[in-house]
Amino acid sequence: MTIYTDKIKEIAKRVLAEGKVDMVIGFRKGTMPMMNQPLYATSAESADELIWDSSCGINLANYVTDKKGSIGIVAKGCDSRNIVTHVIENKIKRDQLYIIGVPCTGMIDHHKINAMFDGEILNVEESGDTLTISGSGFSEKVIKTDVLRQNCAVCTHRNPVIYDELAGELVAEQKNVDPYASVKTVEAMSADEKWNYFEDLLSSCIRCYACRNACPLCYCPTCFVDESRPQWVGKSQDPTDVRTFHLLRAYHCAGRCTDCGACERVCPMGIKVREFTKKLNKDCLELYGWEAGLSLDDRPPLDTFKTDDPQNFIK
Amino acid sequence: MKNMLEHTGIEPGRLHFSWISSAESTKFVDVVKKITEEVKALDPHKKFVKTEPKVD
Amino acid sequence: MAENEPKILSFLCSWCSYGAADLAGVSRMEYPPNIRVIRIPCTGRMSPKFILAGLKQGADAVWVSG
């Protein structure tokens, strides 16, 4: 995967020199291991900082909304689907973008890796399919596929949906995975079990809103959690407020979420926040046959009316 | 909406949708009766109610 | 409140169900007194926020009718 780095640098420098774009949004090495940062590269020198490895879990589509001028953006499968969503929602024009598509084989889960080791991890090296994780007093090799983020492990759209140029060969899509396995487990529970399951899931939430900030779909100028007249969601840690926040956040993503996993990646408490959006994704697929961000021409199910829309919930 | 609330453990009978024309007063009465019966069959709602924080 | 008299928060569309409720009243029909009506200009005005806020503030059930 790291071979992409050179290709991304080369493309970025070329499009910047040709004046096709004003800047290229990509990743640079973070100050901590497994924490790559977004980078706005505007010159050949800054484009030299661009990298690509298995820690590029943040969704870069988050950074293109309402931008002026032309932008180059490095996009893996889920990023490109979120870019499509942005184009559909008129947050950016397709011709403003030069998309450098990166076929992706999944990103690693830093929560999982941190939990595997007692000491602080100081360095993570990647070569091919193995990661060498080292800190003071230990150094160990792990297979990348064992430490993939959960959403990457069940991802069925690894290749970019739209792109102007590719940074590597397209990869094979995963076929034998069930993206909704966890939803099905919850669906089988009784109402009380479900309630307790989510109570347990959210018990550690500190309401930092990192999941909202990392989410490419959350671009409202004033978020419902910040509204105070009327105040829909209390600011407290009260379990009902926490749950209201998570439910409403999920609803705002209904029919738009691409399961990129950015919310889960940034959660400092390691809460599986995707459990909420996942259920709505499954409903969208079952009720409307819709998966977000696959085509520029189709309107999302919640802003269109069709005579055959399901309506058996209405008395 | 209903699907999701149920998914997170609110009982199915707590949210109802219906479609009644302004001329259908009989249907209105029927639906109110039906919903009231369904909700009476459930225990009073406790889970999601926000209560005053406890002070020790 | 008597035992097991649930409060049902009802959002009624001004043009449909609210009209039906009005007609039911004018025709002196009887129906259970458990519903608490909020008139909304159109069911399109509904938002998940309303439902959650209602449940949070102690409604036993929510009914949305267009």
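Everything here concerns the structure above.
Okay, so let's go over this structure. Just so it is clear, the model here is predicted, and its values are computed rather than measured.

Rules behind the numbers
Residues numbered from 1 in each chain as written. Chains lettered and ligands numbered in written order. Predicted model: local features only at pLDDT ≥ 70, side-chain atom pairs only at ≥ 80, totals over all residues. Heavy atoms only, no water. Contact = heavy atoms within 4.5 Å. Buried area = accessible area lost by both parts, 1.4 Å probe. Salt bridge = Lys/Arg side-chain N within 4 Å of Asp/Glu carboxyl O. Polar contact = N/O pair within 3.5 Å; in protein donor to acceptor, adjacent residues only side chain to side chain. Buried < 20%, exposed > 50% of the residue type's maximum accessible area, 1.4 Å probe, protein only. Helix = DSSP H or I, 4+ residues; strand = E, 2+ residues; numbered from the N terminus. Pairing = 2+ DSSP bridges. Right-handed = clockwise from strand over helix to strand, strands pointing away. Phe/Tyr/Trp six-rings, centres within 6.5 Å; stacked < 30°, edge-to-face > 60°. Axes fitted to C-alpha atoms, helices over the stretch in contact; angles between N-to-C directions.

**Side note on the interface of chain A and chain B**
Size of an interface, as often reported, equals the accessible area lost when the parts are brought together.
Argument step 1. Of the residues lining the interface, 27 residues belong to chain A; the matching set on chain B comes to 24 residues.
Argument step 2. For the pair chain A and chain B, the summed buried surface comes to about 2,200 Å²; carbon and sulfur atoms form 66% of the total.
Argument step 3. Our count for the contact surface shared by chain A and chain B stands at 0 salt bridges.
Argument step 4. In this structure, the connection of chain A to chain B is made through 0 residue pairs in polar contact (both at pLDDT 80 or more).

**Regarding the pairing of strand 5 (residues 97-101) of chain A**
All names here are of chain A.
Argument step 1. Taken across its 5 residues, strand 5 has 5 buried, putting it largely inside the fold.
Argument step 2. Neither face of strand 5 is exposed, since L97, I99 and G101 on one face and Y98 and I100 on the opposite face are all buried.
Argument step 3. Inspection of the sheet shows strand 4 (residues 71-75) paired to strand 5 by 5 bridges, in the parallel sense. The residue of strand 5 that forms the bridge with A75 is G101.
Argument step 4. Viewed along the sheet, the connection from strand 4 through helix 3 (residues 77-88) into strand 5 turns out right-handed.

**Here's the deal with the packing of aromatic side chains**
Argument step 1. Applying the stated criterion across every chain, the model contains 11 aromatic pairs over all chains.
Argument step 2. Seen from their ring centres, A:Y40 and A:Y63 are 6.3 Å apart, and the 80 degrees between their planes marks the pair as edge-to-face. Separated by 23 residues along the polypeptide, A:Y40 in strand 2 (residues 37-41) and A:Y63 in the loop between strand 3 (50-51) and strand 4 bring together distant segments of the chain.
Argument step 3. The exposure class assigned to A:Y63 is partly exposed, which follows from its relative accessible area of 24%.
Argument step 4. Measuring from centroid to centroid gives 5.3 Å for A:W232 and C:F50, while their planes differ by 35 degrees, and the two rings are tilted. Here the residue A:W232 occupies a position in the loop between helix 8 (210-214) and helix 9 (239-252), and C:F50 occupies one in helix 2 (residues 48-56), the pair thus bridging two chains.

**Overview of the sheet that holds strand 7 (residues 130-135) of chain A**
All names here are of chain A.
Argument step 1. Sheet architecture is open: 3 strands sit in the order 6-7-8, paired in antiparallel fashion. The open sheet is flanked by strand 6 (121-127) and strand 8 (138-143), the only strands paired with a single partner. When strand polarity is set aside, the average angle formed by the axes of neighbouring strands in this sheet is 20 degrees.
Argument step 2. Pairing between strand 7 and strand 8: 6 bridges, direction antiparallel. In the sheet register, G135 faces strand 8, and the bridge partner there is F138.

**Considering the side chain of C:S10**
Argument step 1. By the element assignment, C:S10 lies in strand 1 (residues 8-13).
Argument step 2. Of the polar contacts made by the side chain of C:S10, one reaches the backbone oxygen of C:I8; its length is 3.3 Å.

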